[in-house]
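Structural characterization, general
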Amino acid sequence: DQQVKQNSPSLSVQEGRISILNCDYTNSMFDYFLWYKKYPAEGPTFLISISSIKDKNEDGRFTVFLNKSAKHLSLHIVPSQPGDSAVYFCAASESGGYQKVTFGTGTKLQVIP
Amino acid sequence: KAGVTQTPRYLIKTRGQQVTLSCSPISGHRSVSWYQQTPGQGLQFLFEYFSETQRNKGNFPGRFSGRQFSNSRSEMNVSTLELGDSALYLCASSPRQVSGNTIYFGEGSWLTVV
């Protein structure tokens, strides 16, 4: 039962353009969402998060949008840079319970110079 | 501030053996959780510890176990290794004991079972 889904295994974008990574979730109890970036042979690095009380959160080139009614979130990277090439994981958790984060299967982003 | 430290980084074991992986959380973080990453499967939650108590467990067989020490350091153990246990094992720590907060990962331990 995949509660967090990233339906695009890969994405290629030209340098300087916008990268949009999508994520869907099925568990309506999820109220905290995170994006992680992972390079090969390294652990995931936290990028940005959003609470369900918001619909947008920005941090530099990264913006996360949350559509609760559609159970959908997206990560926008503008402008995309070659160093952004990595696997991006969407993740979600329920506030207040014991610590457990549920991850999607990841989207591999390639930014072409 | 030092990040999450995992040892060893790489190891090769034979089927039937057991393995112990170690994790030192970020200083001050008392919640430690473990994840398994295999190709195409994303990160699968193994278990979470807080104050030396396992509070949450994922859908893994009993061969996977763990513990946490009073200094918040944690170990996970896999007994009777199978080929399918080959994976990247990731430890994450959090400053909060409840969910709905960011968790921070270590570099991971790459386990190959032959």
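For the structure, check the block above.
Now for a description of the structure that goes with this document. (Residues numbered from 1 in each chain as written. Chains lettered and ligands numbered in written order. Predicted model: local features only at pLDDT ≥ 70, side-chain atom pairs only at ≥ 80, totals over all residues. Heavy atoms only, no water.)

1. A word on the overall build of chain B
Along chain B, the regular secondary structure elements total zero helices and eleven strands. Listing each helix as α and each strand as β along chain B from the N terminus yields β-β-β-β-β-β-β-β-β-β-β. Once the C-alpha set of chain B is aligned to its principal axes, its extents read approximately 35 × 30 × 25 Å. Taken across its 114 residues, chain B has 53% of its residues classed as buried. Long-range pairs, those at least 24 residues apart, make up 52% of the contacts in chain B between residues at least 6 apart in sequence. Within the structure as shown, chain B displays about 5,200 Å² of accessible surface, and the carbon and sulfur contribution to it stands at 47%. Side chains of chain B give 11 positive and 6 negative charges; the mean places of these two sets differ by 3 Å. (Helix = DSSP H or I, 4+ residues; strand = E, 2+ residues; numbered from the N terminus. Buried < 20%, exposed > 50% of the residue type's maximum accessible area, 1.4 Å probe, protein only. Contact = heavy atoms within 4.5 Å. Areas by Shrake-Rupley, 256 points an atom, 1.4 Å probe, with all protein chains shown as cover. Lys, Arg positive; Asp, Glu negative; His and termini not counted. Charge placed at Lys NZ, Arg CZ, Asp CG, Glu CD.)

2. Section: the pairing of strand β3 (residues 19-25) of chain A
Residue and element names in this part refer to chain A. Only one face of β3 is covered, namely the face carrying S19, L21, C23 and Y25; the face carrying I20, N22 and D24 is uncovered. Where strand β1 (residues 4-5) meets β3, two bridges bridge the pair, whose relative direction is antiparallel. In the strand pairing of β3, K5 is matched with D24. Both β3 and strand β8 (residues 72-77) contribute to a ladder of six bridges, which runs antiparallel. Within β8, the position partnered with I20 by the bridge is H76. (Pairing = 2+ DSSP bridges.)

3. A short note on the interface of chain B and chain A
The interface of chain B with chain A comprises 29 residues on the first partner and 23 residues on the second. For the interface between chain B and chain A, the tally reads zero salt bridges. Our count for the contact surface shared by chain B and chain A stands at six residue pairs in polar contact (both at pLDDT 80 or more). Put simply, the parts of the chain that give the side of chain B that touches chain A at least two residues each are β4 (31-37), β5 (43-50), β6 (53-57), β9 (87-94) and β10 (104-105) of chain B. Partitioned by chemical class, the residues of the side of chain B that touches chain A number eleven nonpolar, 13 polar and five charged. (Salt bridge = Lys/Arg side-chain N within 4 Å of Asp/Glu carboxyl O. Polar contact = N/O pair within 3.5 Å; in protein donor to acceptor, adjacent residues only side chain to side chain. Nonpolar A, V, L, I, M, F, W, Y, C, P; charged D, E, K, R; others polar.)

4. Some points on the state of the cysteines
By definition, a disulfide links the sulfur atoms of two cysteine residues through a covalent bond. Taken as a whole and judged by the stated rule, the model has two disulfides over all chains. In this model C23 of chain A forms its disulfide with C90 of chain A; the gap between the sulfur atoms is 2.0 Å. Between C23 of chain A and C90 of chain A the disulfide shows an S-S torsion of about -75°. By sign, it is left-handed. One end of the pair, C23 of chain A, is in strand β3; the other, C90 of chain A, is in strand β9 (residues 86-93), and 67 residues separate them in sequence. Its relative accessible area of 0% is what places C90 of chain A among the buried residues. Disulfide pairing places C23 of chain B opposite C91 of chain B at an S-S distance of 1.8 Å. Taking the torsion about the S-S bond as the criterion, the C23 of chain B to C91 of chain B disulfide, at about -60°, is left-handed. Remark: C91 of chain B occurs in strand β9 and C23 of chain B occurs in strand β3 (residues 19-24); sequence separation between them is 68 residues. The class of C23 of chain B is buried, set by a relative accessible area of 0%. Look at C91 of chain B and you get buried, because its relative accessible area is 0%. (Disulfide = S-S within 2.5 Å.)

5. Concerning the nonpolar core
Counting 23 residues, the largest nonpolar core has F33, W35, L73, L75 and Y88 of chain A as the members making the most contacts within it. Taken together, the elements giving at least two residues each to this core come down to β3, β4 (32-38), β5 (45-51), β7 (62-67), β8, β9 and β11 (107-112) of chain A. When residues in this core are grouped by element, the largest group, four residues, is from β9 of chain A. If we skip the residues at most four places from it in the chain, Y88 of chain A touches Q6, L21, W35, Y36, K37, L47, L75, I77, G106, T107 and L109 of chain A. Counting residues in each nonpolar core, the second largest holds 21 residues, with W34, M76, V78 and L111 of chain B among its members. (Core = buried A, V, L, I, M, F, W, Y, C linked by side-chain atoms within 4.5 Å.)

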